[in-house]
Amino acid sequence: MAILEVEHIFKRFGDTEVLKGITFSLEQGQALAIIGSSGSGKTTLLRCLNFLEKPDAGIIRVGGNVLLDTSDPTTQQEAQIRKKRLHFGLVFQSFNLFPQYTVLKNITLASELLAKEQADRKAGAGKAALQQIEAEAYTLLEQMGLTEKARSYPHQLSGGQQQRVAIARALALHPSILCFDEPTSALDPELTGEVLRVIRSLAAKKTTMVIVTHEMAFARDVADHVIFMDDGVIVEAGRPEDVISNPREERTRQFLQRFSKEAAGGQGGWDGGDF
Amino acid sequence: MNDFSVIIGRLLESFWLNCELFFLTLLFALPLGLVISFGSMSRFKPLAAFTKTLVWIVRGTPLMLQVIIIFFAPGLLGWGTPWGTGADGRFAAALVAFVINYACYFSEIYRSGIQGIPRGQTEAGQVLGMTRTQIFFRITLMQVIKRILPPMANEIITLVKDTSLARIISNKEIIMMAQEYTAKGLIWPLFSTAVFFLAFVGILTLLFNWLEKKLDYFKA
């Protein structure tokens, strides 16, 4: 059964229609890569999934439950939206770590706040819960290869390290679906490898993921499905070996050609990329 | 020599009024400024417009004039004498004028601080399921404090010296006191008031430097 079902999402900002009826679904344990040029609506789609933008129309279902149906006002109450966000994790392009907290606290903060709210209701819990949250955070840091950075502050880390902390922070809340918004675009080329390696290991563990990316070679290797978006619509969707290596649509071909040219002129990207 | 210590003692006594005005203005203007800054950032347009007009008027006119208006206007408008007749009334009127004036300046500093925090910080809190209140107190506030500390220090140091404006409605602060000696032909007491202000501002500067160092552990 599909864990994520998205139907007919529309979104406009002023006069610009950014999403023009996006429909797709994703199976549990699979990784979906969304590719396309900037301005194609990829990031807006991801932000709609995380309730950072409200679609003008459309339905979002997770595990069969309707999270958002724009024709049903009961699914749009502010108080519930907060809980619904927890189905999704989001890793931002610019990390957005909290600068005043240590790496460890960045990862545990949200879980601690949730645990305290629940403890207030039930009374009890408390210390044991907090210890467990910290233990889990250390496990995540170990996975990210950052155990020795637990007490560091974000500004003391490299971009790649910061992004790995951001991934741990998102994972700490056990989201059903983990979203990445161009996770390596803000990184120096030599730092993208360490982040892509982490995402790759998550794919190997069958983490359900939606990844907006410009790293074509990475998308082809890691994703189970690829969606190519252009001008607010899904132009082509399918297995990566089809969409990326043998695109059917002219628009996809043009994008990939333009992309491989740019990549050949610049660093890394299409055929390069060591990860 | 006896004269010297008597005069210094009386200057010190009158400087107490400057100190009182300083601390009470801070006590009320710091929180009021936050309220005003929320008003000017409100999505309810009429409230934002009203607040911005108020800030424009208060920042656009001399504090000395505001003190005079606050003290005399109620009587001239036939609203009676809310300030009473004694020294306490004159002090209260000056305090009200100072609080309104400084709250408006503080509100602009708060606003720039709050709006300067990248939107991604709030969004990161949102996707982690935090409430608006949690996001403000756990994420935004500390970063705002760090950002606004230098401009706040500036404004607060200005306040120290502005307290001498209270004399315009005969609050007997240190410079007014010193001028009584000038009238008697003794000039050094007036010049010596500078030392009081310098000492006070010196202590404040040390305090703000210490606070800035305290917040040096992170970058925002």
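About the cut-offs
Residues numbered from 1 in each chain as written. Chains lettered and ligands numbered in written order. Predicted model: local features only at pLDDT ≥ 70, side-chain atom pairs only at ≥ 80, totals over all residues. Helix = DSSP H or I, 4+ residues; strand = E, 2+ residues; numbered from the N terminus. Buried ≥ 20, exposed ≤ 12 C-beta atoms within 10 Å, placed from the backbone. Contact = placed C-beta atoms within 7 Å. Rg over C-alpha atoms; globule rule 2.2 N^0.38 Å. Axes fitted to C-alpha atoms, helices over the stretch in contact; angles between N-to-C directions. Parallel < 35°, antiparallel > 145°, perpendicular 65-115°, else oblique. Left-handed = near helix turned anticlockwise from the far one by under 90°. Nonpolar A, V, L, I, M, F, W, Y, C, P; charged D, E, K, R; others polar. Pairing = 2+ DSSP bridges. Expected span 1.5 Å × (residues − 1). Core = buried A, V, L, I, M, F, W, Y, C linked by C-beta atoms within 7 Å. pLDDT = per-residue confidence, 0-100. Arc of directions from axis to C-beta.

### Some thoughts on the overall build of chain B
Scanning chain B from N- to C-terminus turns up eight helices and zero strands. Projecting the C-alpha coordinates of chain B onto the three principal axes gives extents of approximately 70 × 50 × 25 Å. Counting every position in chain B, which comprises 220 residues, the buried fraction comes to 30%. Within chain B, contacts between residues at least 6 apart in sequence are counted, and of these 72% link residues at least 24 apart.

### Notes on the overall build of chain A
A count of helices and strands for chain A gives nine helices and ten strands. In summary, chain A has a C-alpha radius of gyration of 19 Å against a globular reference of 19 Å for 275 residues, a match within 12%. Of all 275 residues assigned to chain A, the portion counted as buried reaches 41%. For chain A, the proportion of contacts with a sequence separation of at least 24, taken over those separated by at least 6, is 65%.

### Some remarks on the packing of helix 5 (residues 159–171) of chain A against helix 6 (residues 189–204) of chain A
A pair of packed helices can be characterised by two numbers: the angle between their axes and the separation between those axes. Residue and element names in this part refer to chain A. Viewed as axis vectors pointing N to C, helix 5 and helix 6 meet at an angle of 20 degrees, and their least axial separation amounts to 8 Å. Our classification of the angle between helix 5 and helix 6 gives roughly parallel. The element helix 5 and its partner helix 6 pack so that their crossing is right-handed. From helix 5, Gly159, Gly160, Gln163, Arg164 and Ile167 reach across to helix 6, where they touch Leu191, Glu194, Val195 and Val198. Among the residues making up the contact of helix 5 with helix 6, the classes are represented as four nonpolar, three polar and two charged.

### Focus: the pairing of strand 2 (residues 16–27) of chain A
Across a regular strand the side chains alternate sides, sitting on one face of the sheet and then on the other. Residue and element names in this part refer to chain A. Relative to strand 2, strand 1 (residues 2–13) runs antiparallel, the two being bridged by nine bridges. When the bridges of strand 2 are listed, Val6 appears paired with Phe24. The turn linking strand 1 back onto strand 2 is made up of two residues, and Gly14 within it adopts a positive phi angle of 60 degrees.

### Points about the interface of chain B and chain A
Across the boundary between the two partners, chain B contributes 19 residues, which contact 20 residues of chain A. Only helix 5 (119–127) and helix 6 (132–162) of chain B provide two or more residues apiece to the side of chain B that touches chain A. If you tally residues by element for the side of chain B that touches chain A, the top one is helix 5 of chain B, at six residues.

### Points about the pairing of strand 1 of chain A
Direction of pairing for strand 1 of chain A relative to strand 4 (residues 57–62) of chain A: antiparallel, over a ladder of five bridges. From the neighbouring strand, Leu4 of chain A faces strand 4 of chain A, where its bridge partner is Val62 of chain A.

### Brief notes about the sheet that holds strand 4 of chain A
Residue and element names in this part refer to chain A. Pairing within the open sheet is antiparallel, and its four strands lie in the order 2-1-4-5. Strands with a single pairing partner mark the edges of an open sheet, and in this sheet they are strand 2 and strand 5 (65–69). Across the sheet, the axes of successive neighbouring strands diverge by a mean angle of 15 degrees, strand direction being ignored.

### Here we look at helix 8 (residues 188–214) of chain B
The end-to-end C-alpha distance of helix 8 of chain B, which contains 27 residues, comes to 40 Å, matching closely the 39 Å that a straight helix rising 1.5 Å per residue would cover. Buried residues of helix 8 of chain B: Pro189, Thr193 and Phe196 of chain B, and no others.

### Brief notes about the nonpolar core
Ranked by size, the top nonpolar core spans 76 residues in total, and within it Leu32, Ile34, Cys179, Val210 and Ile211 of chain A carry the most contacts. The element contributing the most residues to this core is helix 5 of chain A, with six residues. Residues contacting Leu32 of chain A, with those up to four places away along its chain left out, are Leu26, Met209, Val210, Ile211, Ala223, His225 and Ile227 of chain A. Counting residues in each nonpolar core, the second largest holds 30 residues, with Ala29, Leu95, Leu159 and Ala166 of chain B among its members.

### Concerning the confidence of the model for chain B
Looking at chain B, the pLDDT average stands at 94 and 99% of residues meet or exceed 70. Here the prediction assigns the complex a pTM of 0.85, and the interface score ipTM is 0.88.

### Here's the deal with helix 7 (residues 174–183) of chain B
An α-helical turn contains 3.6 residues, so a residue and the one three or four places further along point in the same direction. Residues and elements named next belong to chain B. Buried residues of helix 7: Ile174, Ile175, Met177 and Ala178, and no others. When helix 7 is viewed along its axis, its buried side chains cluster within an angular range of 160 degrees and face the same direction. Two residues or fewer past helix 7, Gly185 is found with a positive phi of approximately 90 degrees.

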